[in-house]
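# Notes for the structure review
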Amino acid sequence: MKHVANWALNIAALRGASYADVRVVAQRSRALTTKNGKVGSASDAESVGMSVRVIADGAWGFASSSELGRGAVEATAALAVEIARASSRVKREDVRLAPEKAAVAEWSTPYKIDPFSVSVEQNIELLLKIDAELRSVSGITLAETNLNFNREEQWFVSSEGADIHQTKLSTGAGYAAYAFAGNEIQKRSYPNSYGGQWQNKGYELIEELKLVENARRIADEAVALHQADQCPEGKFDIILDSSQLGLQIHESVGHPIELDRVLGMEANFAGTSFLSIDKLRKLRYGSEMVNVVADARQEHGPGLGTFGFDDEGVAAQCTPIITNGLFTGYLSSRETAHTIGESRSGGTLRAEGWNRLPMIRMTNISLLPGEKPLSLEQLIASADHGILMQTNRSWSIDDKRYNFQFGCEIGWEIKNGKRARMVKNPSYSGITTEFWNSLDAICSRDEWTLWGTPNCGKGQPQQVMGTGHGAAPSRFHGIKVGTAFKS
């Protein structure tokens, strides 16, 4: 594919581009679902194409093509330059790229079992087995399962000399059990809601998740929620399990640190951010225990934000976002790094596919675990009165990512260090910085999970991207519980 990229680079240079990069991308995806004992949907799709991004007359131009013949590729490169020249007529200032050493590299996701080597028939057999387990519990009225595999192979070359071949692989699976009774629906999901758990792994992830083994317990909990008391309202200490905390990180830390949102580049669709640049290294974001990083490196774990290089050829990095409670970093690109005084991009520019312009996206935005040994059960035992909330059910947050409300699928009232009773419809609300400053306990590494969020939407036209969020169960003091649900 390198010859395809070179055709585009040559034309971009001949037409006067001062910079150009080319991505040739081949993607394959398989997505399977079942619903109440039947196959709900099944797809196995492949897509190949290329895109050219150029700077001409100080402005960006972008064009893409599914045709990889020489004529089509050269025409696409010429169009990108033409678009750049047109854009330059309305530019406020020339595009400035932070310097980056041109990388020549080969990188791929480590995996044990190629998920595409497992037949569709075997995949569906597994999903139907889970479905049967869920519906074997009296009271379950709807069972849904899903299984997903993605492979993306990309060749990236630039006019600066970068030459990177990268292959990423991801796997995801999960299910949900619904119980409808009276005028109420209760739901339990496993291992997480909104598609389950996703990681950059092969089929071995499916075996690790123990999907069948947990199905009956999840279904039992969905039915039992109908008999549970309504979650009490008021101010409580709350303990969030790691999956709910992962989404809390995504919405109230991950999105507001995207520098394109901060600078207003994404205001129309995604909103902006309360984190104006003057707050960098000054804002007390959280308590002293809060340490958050944006880490795309393999050593952070197999998150959906793990890669070797981003989509403008910058190597994966770890950026401290919150350090002992102090706000210390944004997600940046080569174009935006200078706005925060950085001499190098944070390496976060990614695109959904070959026909989309890369933009700043979360990598793995993770809350680091506590340093002292602390299990979830020990954390519960240390609480006099509080609410444990598990698995996200709903969320709402304003366009600056400051005021929020989250609902969870299940809660447990804690009294005198023990789970006293199951409660239904738990929810909590708060203000981002007040919430993170109320954190007073984090479980240790052995309780830490790197969750995958496969469906983060951003951009116009919208791009869906996978992100990672590591978290261990944590306790927050004096949080407003309730008001979203009333019995």
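Conventions used here
Residues numbered from 1 in each chain as written. Predicted model: local features only at pLDDT ≥ 70, side-chain atom pairs only at ≥ 80, totals over all residues. Heavy atoms only, no water. Helix = DSSP H or I, 4+ residues; strand = E, 2+ residues; numbered from the N terminus. Rg over C-alpha atoms; globule rule 2.2 N^0.38 Å. Buried < 20%, exposed > 50% of the residue type's maximum accessible area, 1.4 Å probe, protein only. Contact = heavy atoms within 4.5 Å. Areas by Shrake-Rupley, 256 points an atom, 1.4 Å probe, with all protein chains shown as cover. Lys, Arg positive; Asp, Glu negative; His and termini not counted. Charge placed at Lys NZ, Arg CZ, Asp CG, Glu CD. Phe/Tyr/Trp six-rings, centres within 6.5 Å; stacked < 30°, edge-to-face > 60°. 1 Å grid on protein atoms, 1.4 Å probe; cavity = no way out; pocket = protein on both sides within 12 Å on 5 of 7 lines; lining within 4 Å. Points joined across faces, edges and corners; volume = space filled by probe spheres on them. Nonpolar A, V, L, I, M, F, W, Y, C, P; charged D, E, K, R; others polar. Expected span 1.5 Å × (residues − 1). Pairing = 2+ DSSP bridges. Axes fitted to C-alpha atoms, helices over the stretch in contact; angles between N-to-C directions. Salt bridge = Lys/Arg side-chain N within 4 Å of Asp/Glu carboxyl O. Polar contact = N/O pair within 3.5 Å; in protein donor to acceptor, adjacent residues only side chain to side chain. Patch = residues over 30% accessible without salt bridge, like charges linked within 9 Å, V, L, I, M, F, W, Y side chains within 5 Å. Parallel < 35°, antiparallel > 145°, perpendicular 65-115°, else oblique. Left-handed = near helix turned anticlockwise from the far one by under 90°. Core = buried A, V, L, I, M, F, W, Y, C linked by side-chain atoms within 4.5 Å.

### Thoughts on the overall build of the protein chain
Per the secondary structure count, the protein chain includes ten helices and 24 strands. What you see for the protein chain is a C-alpha radius of gyration of 24 Å, in line with the 23 Å of a compact globule of 487 residues. Overall, the C-alpha framework of the protein chain stretches about 75 × 55 × 40 Å when taken along its three principal axes. For the protein chain, the residues scored as buried account for 59% of the 487 residues in total. In the protein chain, 76% of the contacts between residues at least 6 apart in sequence involve partners at least 24 apart. Accessible area for the protein chain stands at about 19500 Å²; split by element, carbon and sulfur atoms hold 49% of it. Counting 52 positive and 57 negative side-chain charges, the protein chain places the centres of these two groups 2 Å from one another.

### Focus: the packing of aromatic side chains
Per the stated rule, a full pass over the model turns up 17 aromatic pairs. Consider the rings of Phe-404 and Phe-406, whose centres lie 5.5 Å apart with planes at 55 degrees: the pair is tilted. Overall, the relative accessible area of 4% leaves Phe-404 in the buried class. Accessibility expressed as a relative area gives 0% for Phe-406, which makes it buried.

### Overview of the layout of surface pockets
Taken as a whole, the largest pocket encloses approximately 1200 Å³ of empty space. Trp-60, Val-95, Met-265, Glu-335 and Leu-357 are the residues nearest the centre of the largest pocket, which is lined by 37 residues in total. Put simply, the parts of the chain that give the lining of the largest pocket at least two residues each are strand 3 (59-65), helix 8 (267-270) and strand 15 (359-360). Counted by class, the lining of the largest pocket contains 15 nonpolar, twelve polar and ten charged residues. As a volume, the second largest pocket reaches approximately 660 Å³. Elements represented by at least two residues in the lining of the second largest pocket include exactly strand 1 (19-35), strand 2 (38-56), strand 5 (142-158), strand 6 (163-181) and strand 23 (463-471).

### Brief notes about helix 3 (residues 120-135)
Between the first and last C-alpha of helix 3 there are 22 Å, a value that for 16 residues agrees with the 22 Å anticipated at 1.5 Å per step. Packed against the buried residues of helix 3 are strand 1, strand 2, strand 5, strand 6, helix 4 (204-209) and helix 5 (211-224).

### Some remarks on the sheet that holds strand 13 (residues 326-327)
Within a beta sheet, neighbouring strands are joined by backbone hydrogen bonds and run either parallel or antiparallel to one another. Here we have four strands laid out as an open sheet, ordered 13-12-11-16, and antiparallel in their pairing. Bordering the open sheet on either side are strand 13 and strand 16 (365-367), each of which pairs with just one other strand. Across two bridges, the pairing between strand 12 (residues 318-323) and strand 13 is antiparallel. Within strand 13, the position partnered with Thr-323 by the bridge is Leu-326. Running at roughly 120 degrees to strand 16, helix 6 (residues 242-254) makes contact with strand 11 (292-295), strand 12 and strand 16 of the sheet.

### Description of the pattern of salt bridges
Across all of its chains, the model carries 30 salt bridges by this definition. A salt bridge links Arg-401 to Glu-251; its shortest N-O distance comes to 2.3 Å. Of this pair, Arg-401 sits in the loop between strand 17 (385-397) and strand 18 (403-415) while Glu-251 sits in helix 6; the two residues are 150 residues apart in sequence, bridging distant segments of the chain. With relative accessibility at 5%, the residue Glu-251 sits in the buried group. A salt bridge links Glu-413 to Arg-421; the shortest N-O distance between them is 2.4 Å. Taking the relative accessible area as the measure of exposure, Glu-413 reaches 4% and is therefore buried. In this structure, a network of salt bridges that share partners links the residues Arg-188, Arg-217, Glu-221 and Glu-409.

### Examining the environment of Glu-160
Position of Glu-160 among the secondary structure elements: in the loop between strand 5 and strand 6. Setting aside anything within four residues of it in sequence, one finds Glu-160 in contact with Tyr-19, Glu-100, Ala-102 and Arg-334. For Glu-160, the side chain forms a polar contact with the side chain of Arg-334, separated by 3.0 Å.

### Focus: a nonpolar patch on the surface
A surface patch of nonpolar side chains, amounting to about 230 Å² of accessible area, comprises Leu-263, Met-265 and Ile-277. Residue classification places Met-265 among the partly exposed residues on the basis of a relative accessible area of 45%.

### Considerations on empty space enclosed by the protein
Applying the stated rule across the entire model yields four cavities of 30 Å³ or more. Looking at the largest cavity, its volume works out to about 40 Å³. Lining of the largest cavity is provided by Tyr-19, Glu-100, Lys-101, Ala-102, Ala-103, Phe-156, Ser-158, Glu-160, Ala-162, Glu-312, Gly-313 and Arg-334. Across the lining of the largest cavity, the residue classes tally to five nonpolar, two polar and five charged.

### Things to note about the packing of helix 1 (residues 2-14) against helix 2 (residues 70-88)
Here helix 1 crosses helix 2 at 40 degrees, and the two axes come no closer than 8 Å. Compared by their axis directions, helix 1 and helix 2 come out oblique. Considering the relative orientation of helix 1 and helix 2, their crossing is right-handed. For the pair helix 1 and helix 2, contact is made by Val-4, Trp-7, Ala-8, Ile-11 and Ala-12 and by Arg-70, Val-73, Glu-74, Ala-77, Ala-78 and Val-81, respectively.

### Overview of the nonpolar core
For soluble globular proteins, nonpolar side chains are generally found buried alongside one another. One finds Ile-238 and Trp-436 to be the most contacted residues of the largest nonpolar core, which totals 65 residues. When residues of this core are assigned to their parent elements, the largest contribution, six residues, is made by strand 18. Membership of the second largest hydrophobic core comes to 28 residues, among which are Val-137, Ala-179, Tyr-203 and Leu-209.

### Considerations on helix 6
Its 13 residues place the ends of helix 6 only 16 Å apart at the C-alpha level, less than the 18 Å of an ideal helix rising 1.5 Å per residue. In terms of burial, helix 6 is a largely internal element, 13 of the 13 residues being buried.

### Description of the pairing of strand 3
Look at any regular strand and the pattern is simple: side chains alternate between the two faces of the sheet. Within strand 3, six of the seven residues are buried, which leaves it mostly tucked inside the rest of the structure. Where strand 2 and strand 3 come together, seven bridges link them in antiparallel fashion. From the neighbouring strand, Met-50 faces strand 3, where its bridge partner is Ser-65.

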